[in-house]
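Fold and contact review
Now for the letters of each chain:
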Amino acid sequence: MAADKASAALPGVDGNTGRTAAVPAAAGPAGVPVVAGAAGAPVAAGASPDTAPLVAMHGIVKRYGAADGSLGAAGSTAVYALRGVNLRIARGEFVAIVGPSGSGKSTLMNILGCLDVADYGQYVLAGVDVSKLGDDALATVRNRLVGFIFQQWNLLARTTALDNVALPLAYRGDRDRGRRALAALRAVGLEARAKHRPNQLSGGEQQRVAIARALVTSPAILLADEPTGSLDSATGAGIMRLFARLHETGRTVIVVTHDPRVAERARRQIHLLDGRIVLDGLTREIQAGTTPAPDVWARPSAQSAVPATTAVPASPAVPASPAMPATTAVPATTSD
């Protein structure tokens, strides 16, 4: 698949009329098409870059088929991980995506990070309509726009901290990667440990190296998956303070977690349950019990969470077995 799948005019939706409108494309990273104004859908036609969100999702649906790969009659055997998610994140926000196992948060993280694509809906990241890109273009977007931080660090065991941090730049052929990697280590307080290998570092230090590796490409978003999950509470709190400092410098930080203590360190929380956003508000308002109703872009539909333009049912019925009474309710299955 190639990047030329993206058309010269990408679709947007007028926020006032709900009608689809063509949005002109511009040059993005390595020629990846960009939606003018980083608008996304739904978005007012002609939105300026100053008002457009960094992340814009509209009607995102992700489903998984049966073991044989089929979806069955009317999608009856499909497992829906995300059911029509609408989401906007502005530049410079510090957001926690929260939910229990099976809520869909990991699937949402994978789509946010361009590790996976939605079955339906539109996703615009930093002006790039990634829902229209092929595999090669998605790889470019991941390398240029997303800084990943994983729970298990994923450092090369026989490589120094400096070389681990420089690795994403090596893929680009950046000849200045040594200086930039050292600057990233300095930003997380580990410049003095640059020549140490992972087995010579504590767990917290290894996570800081992973954060420096995510920072070194100057990505549009820092995307952290359970970043404190492998750390003790004190070290984990230190990592969250580091994220807060990075946020204060203007970086966009998105943390995916099941831990409410971690979520409380973020400025905004987005809670998922059964593939839908059920709460979206500022942490201080959630703590005070004064959280307003979710934003219009993040409020699940009362009737259907799946866009009406698709043939996918919002809540697929599970067929009753011959031995099961017809009135027996079977809960919908979700995947994380």
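Check the entry above for the structure.
These notes cover the structure that comes with them. Just so it is clear, the model here is predicted, and its values are computed rather than measured. (Residues numbered from 1 in each chain as written. Predicted model: local features only at pLDDT ≥ 70, side-chain atom pairs only at ≥ 80, totals over all residues. Heavy atoms only, no water.)

Some details on the sheet that holds strand β11 (residues 253-257)
Taken in spatial order, the six strands of this open sheet run β9-β10-β11-β6-β12-β13, and their pairing is mixed. In this open sheet, the two edge strands, each paired with only one partner strand, are β9 (146-149) and β13 (276-282). Between one strand axis and the next, the sheet turns by 20° as a mean value, whatever way the strands run. Note that strand β10 (residues 221-225) and β11 share four bridges and pair parallel. When the sheet's bridge partners are listed, L223 is paired in β11 with I254. Lying over the sheet, helix α2 (residues 135-145) contacts β9 and β10, oriented at roughly 75° with respect to β9. Together, β9 and β10 form the strand contacts of helix α5 (residues 203-215), whose direction differs from that of β9 by roughly 170°. (Pairing = 2+ DSSP bridges. Helix = DSSP H or I, 4+ residues; strand = E, 2+ residues; numbered from the N terminus. Axes fitted to C-alpha atoms, helices over the stretch in contact; angles between N-to-C directions. Contact = heavy atoms within 4.5 Å.)

Re the sheet that holds strand β4 (residues 55-64)
With respect to topology, four strands assemble into an open sheet ordered β5-β4-β7-β8, the strand pairing being antiparallel. Only two strands of the sheet have a single partner each, and these edge strands are β5 (79-89) and β8 (128-129). For β4 and β5, the ladder comprises eight bridges, and the chain directions are antiparallel. The residue bridging V55 from the neighbouring strand is I89, located in β5. Those strands touched by helix α1 (residues 105-112) are β4, β5 and β7 (120-125), and its axis lies near 125° from that of β4.

Some details on the pattern of salt bridges
For the coordinates displayed, the defined rule picks out eight salt bridges. With a closest N to O distance of 3.3 Å, R193 and E205 form a salt bridge. You can see R193 sitting in the loop between α4 (177-187) and α5 and its partner E205 sitting in helix α5, a full 12 residues away along the chain. With relative accessibility at 25%, the residue R193 sits in the partly exposed group. A salt bridge links R268 to D280; its shortest N-O distance comes to 2.8 Å. Note that R268 is positioned in strand β12 (residues 268-273) and D280 in strand β13, a separation of 12 residues in sequence. With respect to class, R268 is no different from D280; both count as buried. Salt bridges sharing partners connect three or more residues here, namely E93, R268 and D280. (Salt bridge = Lys/Arg side-chain N within 4 Å of Asp/Glu carboxyl O. Buried < 20%, exposed > 50% of the residue type's maximum accessible area, 1.4 Å probe, protein only.)

Description of α5
With 13 residues, α5 should reach 18 Å at 1.5 Å per residue; the first-to-last C-alpha distance of 19 Å fits that figure. Counting buried positions over the 13 residues of α5 gives 11, a clear majority of the element. Among the residues of α5, G204, E205, Q206, Q207, V209, A210, I211, A212, R213, A214 and L215 are the ones counted as buried. (Expected span 1.5 Å × (residues − 1).)

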